[in-house]
Amino acid sequence: DQQVKQNSPSLSVQEGRISILNCDYTNSMFDYFLWYKKYPAEGPTFLISISSIKDKNEDGRFTVFLNKSAKHLSLHIVPSQPGDSAVYFCAARFYGGSQGNLIFGKGTKLSVKP
Amino acid sequence: DVKVTQSSRYLVKRTGEKVFLECVQDMDHENMFWYRQDPGLGLRLIYFSYDVKMKEKGDIPEGYSVSREKKERFSLILESASTNQTSMYLCASSLWVAGSYNEQFFGPGTRLTVL
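Residues numbered from 1 in each chain as written. Chains lettered and ligands numbered in written order. Predicted model: local features only at pLDDT ≥ 70, side-chain atom pairs only at ≥ 80, totals over all residues. Heavy atoms only, no water.

Student: Give a description of the pairing of strand 11 (residues 108-113) of chain A that names residues and reports values.
Tutor: All names here are of chain A. Side-chain alternation along strand 11 places T108, L110 and V112 on a buried face and K109, S111 and K113 on a face that remains uncovered. Note that strand 2 (residues 10-14) and strand 11 share five bridges and pair parallel. Along strand 11, the bridge assignment pairs Q14 with K113. Bridging between strand 9 (residues 86-94) and strand 11 involves three bridges; their strand directions are antiparallel. Looking across to strand 11, one finds that A86 is bridged to L110. (Buried < 20%, exposed > 50% of the residue type's maximum accessible area, 1.4 Å probe, protein only. Helix = DSSP H or I, 4+ residues; strand = E, 2+ residues; numbered from the N terminus. Pairing = 2+ DSSP bridges.)

Student: Report on the interface of chain A and chain B, specifying residues and quantitative values.
Tutor: In this assembly, 21 residues from chain A lie in contact with 26 residues from chain B. Note on chain A versus chain B: buried area summed over both sides is about 2000 Å², and carbon and sulfur give 58% of it. Taken together, the connections running from chain A to chain B amount to zero salt bridges. The tally of links from chain A across to chain B stands at four residue pairs in polar contact (both at pLDDT 80 or more). Every element with two or more residues in the side of chain A that touches chain B is listed here: strand 4 (30-38), strand 5 (45-51), strand 9 and strand 10 (102-104) of chain A. (Contact = heavy atoms within 4.5 Å. Buried area = accessible area lost by both parts, 1.4 Å probe. Salt bridge = Lys/Arg side-chain N within 4 Å of Asp/Glu carboxyl O. Polar contact = N/O pair within 3.5 Å; in protein donor to acceptor, adjacent residues only side chain to side chain.)

Student: Give a description of the sheet that holds strand 8 (residues 72-77) of chain A that names residues and reports values.
Tutor: All names here are of chain A. Strand order across the open sheet formed by five strands is 1-3-8-7-6, with antiparallel pairing between neighbours. Since the sheet does not close on itself, it has two edges, and those belong to strand 1 (4-5) and strand 6 (56-59), each with one partner. One ladder, built from six bridges, connects strand 3 (residues 19-25) with strand 8; its direction is antiparallel. If you follow L21 over to strand 8, its bridge partner there is L75.

Student: Describe in detail the environment of K37(A), supporting the description with residues and values.
Tutor: Residues and elements named next belong to chain A. Tracing the backbone through its elements, the reader meets K37 in strand 4. A C-alpha to C-alpha distance of 9.0 Å links K37 and C90, two positions 53 residues apart in sequence. With residues up to four places along the chain from it excluded, the contact list for K37 reads G43, P44, T45, L47, G83, D84, A86, V87 and Y88. Within polar-contact distance, the side chain of K37 engages the side chain of Y39 at 2.9 Å.

Student: Give me the lowdown on the environment of R17(A), citing residues and values where you can.
Tutor: Residues and elements named next belong to chain A. Turning to its location among the elements, R17 is positioned in the loop between strand 2 and strand 3. Residue R17 is classed as exposed on the basis of its relative accessible area, which comes to 55%. Those residues within four positions of R17 in sequence are excluded, and the remaining contacts are I77, P79 and S80.

Student: Provide a residue-level description of the nonpolar core, including the pertinent values.
Tutor: One finds F33(A), W35(A), L73(A), L75(A) and Y88(A) to be the most contacted residues of the largest nonpolar core, which totals 23 residues. Breaking this core down by element, the ones donating at least two residues are strand 3, strand 4, strand 5, strand 7 (62-67), strand 8, strand 9 and strand 11 of chain A. Top contributing element to this core by residue count: strand 9 of chain A, with four residues. In contact with F33(A), other than residues within four places in its own chain, are Y25(A), I48(A), S49(A), I50(A), S52(A), L66(A), L73(A), A91(A) and A92(A). Formed by 20 residues, the second largest nonpolar core is a distinct cluster that contains L11(B), I46(B), L76(B) and V114(B). (Core = buried A, V, L, I, M, F, W, Y, C linked by side-chain atoms within 4.5 Å.)

Shown next, in the form of structure tokens:
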């Protein structure tokens, strides 16, 4: 049973517009959520995180929103740039879980068109 | 800068061969992880280790084993490679800090093809 779900396998956005990537989770014991970005033939790189006690975290063009009641988080990229084209993974950490294991979603492939 | 290195970027092996994938991190992290990434399946945890000589099974440990003899090195072993183990293999490491998000740092990946 998938605990972290990214229901959109792909998303296409025009350069300069907003990209919104969504993630749903089922386990209310998750206490941290992270977004990773992955280019082809490279390892994922950490992008931004949010604690379950917050509802928003911002870092430059990237903002993550958390809605605990809906068990939903989203990553907003504004403005989108062609270099943002990559696969984005949502990940969650289980509070008290074994040494910081992360549970990953299946990823959303973002294409930003010039 | 944290650096996680993997011994090979690309590897081609034959069915039945024993395969070793090596991972080294230089930041004195306690935790190390092996994942595989397949299209449509995301990142799936194979094994992880939270200390030298310690290991725990992840979600898909079948057909794999691991070794952690030194803190900086975590090896993934395919005892007898099969074609369904053709995949991108990713190693990661992290600190364990209570109350923190324990960001995992990933290596560049090894693209393994089993013929």
